[in-house]
Amino acid sequence: MSQIQLRAEDLYDKEKVDLETIVVEDVFKLLQCSEDGLSAEEVQRRLELFGPNRLESEEQNAFLQFLSFMWNPLSWVMEGAALVAIVLSNGEHMPPDWEDFIGIITLLLINSAIGFYEERNAGNAVKALMDSLAPKAKVKRNGSWSEIESADLVPGDMISFKIGDIVPADCRLTEAINVSIDQAALTGESLPQGKKLGDQCFSGSTCKQGEAEGVVISTGPNTFFGRAASLVGQDDDTTGHLQKILAQIGSFCLVSIGIFVIAEIFCLYAGFRFQYRRGLNNILVLLIGGIPIAMPTVLSVTLAVGAQQLAKYKAIVTRITAIEELAAVTILCSDKTGTLTTNKLTIDRETVRTYGPFSSEDVILLASYASRTENQDAIDACVVGALGDTSRARAGIKLLDFKPFNPVDKRTEITYREESSGKLKRVTKGMTGIIIELCTRNKTDEIENRLEADVEEFAMRGLRALAVAFEELETTDHEGEGNGFELIGLLPIFDPPREDTKQTIDDAQALGVRVKMVTGDQLAIAKETGRRLGLGDHMYPAKVLKDGPEPGGKHGSLDEMILDADGFAGVFPEHKYEIVKRLQGLGHLVAMTGDGANDAPALSRANVGIAVEGATDAARGAADIVLTEPGLSTIVHAIRGSRVIFQRMRNYSIYACAVTIRIVVCFAILAFAFKFDFPPFMVLIIALLNDGTIMTLSVDRVLPSSTPDSWDLAEIFSYAIAYGIYLTASTIALVAICIKTDFFYRKFGVTFEGGATMATNHNDYILHSVVYLQVAIISQALIFVTRSHSFFFMERPSFALMGAFCIAQLISTIIAVYGDWGFTQIHGISGGWVGIVWVWDIVWFVPLDWIKFAMKATVIRKLRERHQAEVAKAAATAAGGVPITRTQSRAASVHESLYSNRVSFIRRAARKVGFGQKVSMKPEELQRFSSIQAQRAGATLARNPSRAAA
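Sequence positions are assigned chain by chain, starting from 1 and proceeding in written order. For this predicted model, a pLDDT threshold of at least 70 governs which residues receive local features, and a threshold of 80 or more governs which side-chain atom pairs are given and counted, while totals over whole chains, interfaces and linings are taken from all residues. Side-chain figures throughout are based on the complete set of non-hydrogen atoms in the structure, without hydrogens or water.

- Under an unreviewed UniProt entry, the name given to the protein chain is Plasma membrane ATPase, and the organism recorded is Postia placenta MAD-698-R-SB12.
- UniProt positions are given in the numbering used here, feature names are shortened, and annotations may be inferred rather than shown by experiment. As stated in UniProt under Sequence similarities (unreviewed entry), the record for the protein chain gives "Belongs to the cation transport ATPase (P-type) (TC 3.A.3) family. Type IIIA subfamily."

## Focus on the environment of aspartate 820
- Helix and strand assignments follow DSSP, with helices taken as H or I runs no shorter than four residues and strands as E runs no shorter than two, numbered in order from the N terminus. Tracing the sequence through the fold places aspartate 820 in the loop between α29 (799-818) and α30 (831-845).
- Judged by relative accessible area, which is 49%, aspartate 820 ranks as partly exposed.
- Along the backbone, aspartate 820 and serine 769 are 51 residues apart, and their C-alpha atoms lie at a distance of 9.5 Å.
- Note on contacts: a residue pair qualifies if any of its non-hydrogen atoms lie within 4.5 Å across the two residues. Once residues within four sequence positions are removed from consideration, aspartate 820 is found in contact with Ile826 and His827. Burial classification: accessible surface area is computed with a 1.4 Å probe over protein chains only, and a residue below 20% of its type maximum counts as buried, one above 50% as exposed, and the rest as partly exposed.

## Comments concerning the pattern of salt bridges
- Any Lys or Arg side-chain nitrogen located within 4 Å of an Asp or Glu carboxyl oxygen qualifies as a salt bridge. Following the criterion strictly, the structure yields 34 salt bridges and no others.
- As a salt-bridge pair, arginine 531 and glutamate 528 come within 3.2 Å of each other at their nearest N and O atoms. With a gap of 3 residues between them, arginine 531 and glutamate 528 both fall in helix α18 (residues 523-533), about one helical turn apart.
- The partner of glutamate 578 in a salt bridge is arginine 582, and the shortest N-O contact between them spans 2.8 Å. One end of the pair is glutamate 578 and the other is arginine 582, both in helix α21 (residues 573-585) and 4 residues apart, which spans about a single turn.
- A relative accessible area of 23% means that glutamate 578 is categorised as partly exposed.
- In this structure arginine 582 comes out as partly exposed when scored by relative accessible area, which is 27%.

## A closer look at α18
- Those residues of α18 not exposed but buried are Ala524, Ile525, Ala526, Glu528, Thr529, Gly530 and Leu533.
- One or two positions beyond α18, positive phi appears at glycine 534, with a value near 70°.

## Here we look at helix α10 (residues 295-312)
- Here the expected length of a helix is defined as 1.5 Å per residue gap, with one fewer gap than residues. For α10, with 18 residues, the first-to-last C-alpha span of 26 Å sits near the 26 Å given by 1.5 Å per residue.
- Here α10 lies mainly inside the structure; 15 of its 18 residues are buried.
- In the stretch just after α10, lysine 314 is the one whose phi turns positive, near 65°.

## Topic: the sheet that holds strand β20 (residues 567-569)
- A pair of strands is treated as paired once DSSP finds two or more bridges between them. If you trace the 8 strands from one edge of the open sheet to the other, you get β9-β23-β22-β21-β10-β18-β20-β19, paired in mixed fashion. Strands at the two margins of the open sheet, each flanked by one partner only, are β9 (315-317) and β19 (539-541). Ignoring strand direction, the axes of neighbouring strands in this sheet form an average angle of 20°.
- Relative to strand β23 (residues 625-627), β9 is paired through 3 bridges, and the arrangement is antiparallel. Within β23, the position partnered with alanine 315 by the bridge is leucine 627.
- Orientation is described by lines fitted to C-alpha atoms, with helices fitted over the stretch in contact, and by angles between N-to-C directions that extend from 0 to 180 degrees. Those strands touched by α21 are β10 (331-334), β18 (514-518), β20 and β21 (590-594), and its axis lies near 170° from that of β21.

Here you go:
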């Protein structure tokens, strides 16, 4: 992002102000408010006066968005072709080529209309989901606290925020308890700043520690961010990777076209002495047919629709290229609590230990007596929940006295009357060391040794131990002494794995993604969870990240240890950052989960930062994907979904490049070999029908890759060249047979114009129609080969794609049969020719799968081996100290930036919520700016007094 050093006066047009900080008491006077907050009527009045507390993002003009689909190098070539058709073709006593001009413009408009409609729909859906991420604020109004959307705050509101919250508006603190604020997004300072009573806090900064209350002094465009944004502006840095891919694929197509256009200029004009208009028509065929005009639209719409589909898995994408990078992730570092586990303590019934006459179920029931049934802490909720029917925790007894848990006694205790016998009894539960000291009846060396051994076993397995003791009272006084506590049981408590986690981890590993647990919990707990999940128990404490592996151990270096580890325990946020950094240095693409404000650096560093369900606003702001449902399965669904999206884009890219080669090489060779002049308008018809069909690829049914995906353009271009040359051969062979032999007349009785048995006229109108139909059918059918990993019939396409293909082929066949348009130089063909062309294309289509398999076994395998060698070399280099960072989202060149208008709806939606903003200002200037804000808000209120005040 751009950064600029600002001064307070810069934000208010250099107006001269009092440079002293206004005291908080004066702020209340200026803002006409009190610590009890504003009334509902006053809030409404101020909302109308100051506007909502958000930066109003500039809504893109719908018409300009529509036109943006025609603003990229590929479209420019088509637009240039339109100018050629209307301007340069006007010669030799012939009128301008109006038909081709109108056809090209129609193609551009239809392409833009489809893209506009799809992107608009997906954009609206993503925007609605983004809005659900809008930060909330705790506000005091009419003397009571409530939670509202931050957008509804007004100057004079009393707000409260705590650790992990993003400060919702510019405010002055009226209460501060050990508050530390991260202002890195404002000042660039990496260390949080301590705040005290009277200090200012600015919207967009993050509370790293403590709790605070404050009075809002400025909202929306009048906040520091609001004023600064207008001076700094915003960079479009969200589509850089897609820009790069589009630019390289576009360059491949443009270079291919350029080579053959130049060749035609020399050959047709210098060699064959073609007339000006005839040669121009041949060049138009290459320009119109070779340009994959729909490519930017198809890829961006696929991403847009994909972002919408990922939301069905409760994964909201806040950075569009995260979809591509998620498909390429090789290691997922997952938090334990709430992601791998339920974050709900549970008693492990199979491991309950008993020491007296009571059964394990009796021990659980008695422990539930010694638990709160209302206003419970996590332990009480766990014990009572183990009963199944929580009403049993008080059934059949009358509560006489209850002592809740406190940090000193470290136990709870209940005295009750058993209704069935009328006896008074007492139960206590708590820490084992405390409980055993209370036990006098069965406290023997044997019992103590058994208890110690059981507690150690629990600790080794990561289970928390909760001791339970029982005594009877021989008096009727519930405060009297009992007959002595007896240790009756030991309850093992743990946070159980989610039901779907083990299967989800297996699914992730089947996708080639290794899952590592990164938890702040104890090492024993991490190992036990890993064993239960089948994740492995090669866990290490976080201190190894500083100390390194033990000398003489199996790991020669820290990097080797991190790569081998199944997880890390006792992890702090800075450890997460180090783990991600080192794994990236080894050549891996890493996804990292997080939920707290301190996780933001690691989430930003990871290739894909994932904010889990319930994450703080700060973590959401730093993440690339925000989950709205708990559990690891959501992440794995998102990985699988991203690979589906990636496969759609890859399938289309191969198809688009192959069709470019196929059209350009085919018609150039036909012109060179046979002086064959294919009508440009018919290429337009082919392109138009192709675009309509190919748009359905954005919802095609494809199989995700079983290994991490990444763009390998050499592989895409290799496939494209192989397919393109093969399809070229299919057309040249057909034309050669028609021109050189009377084979089709002798076998099927079909003729050319004037009843000719051979196409002695190389530009026979019937031959044009035959070639049109042959090219239209097999070129579109190629998509079924590029979209499948195995034989084309093994992977069923979507109904949308199949339906669009059938409709397009029906239209192509009807045009070939009934088209008799003089300006297009075609003539309707007989049913015999239609049958010949369809059979010809089917015969040539079948070997396409074998070409795919042959390419995989030879060229593609070599390319992948070379790629793996390069990755290994890069990892070795990185291990030597050169860091590998995430894909940078900045356009690398002017050429790439020309594709930047695609998928910008994600950027606009994220910006509206408040993600990704960064400016810079000196701390002392911030203090002065705070005074100016309070004065400005106060002056506005003074000019607009409320009726109550009047």
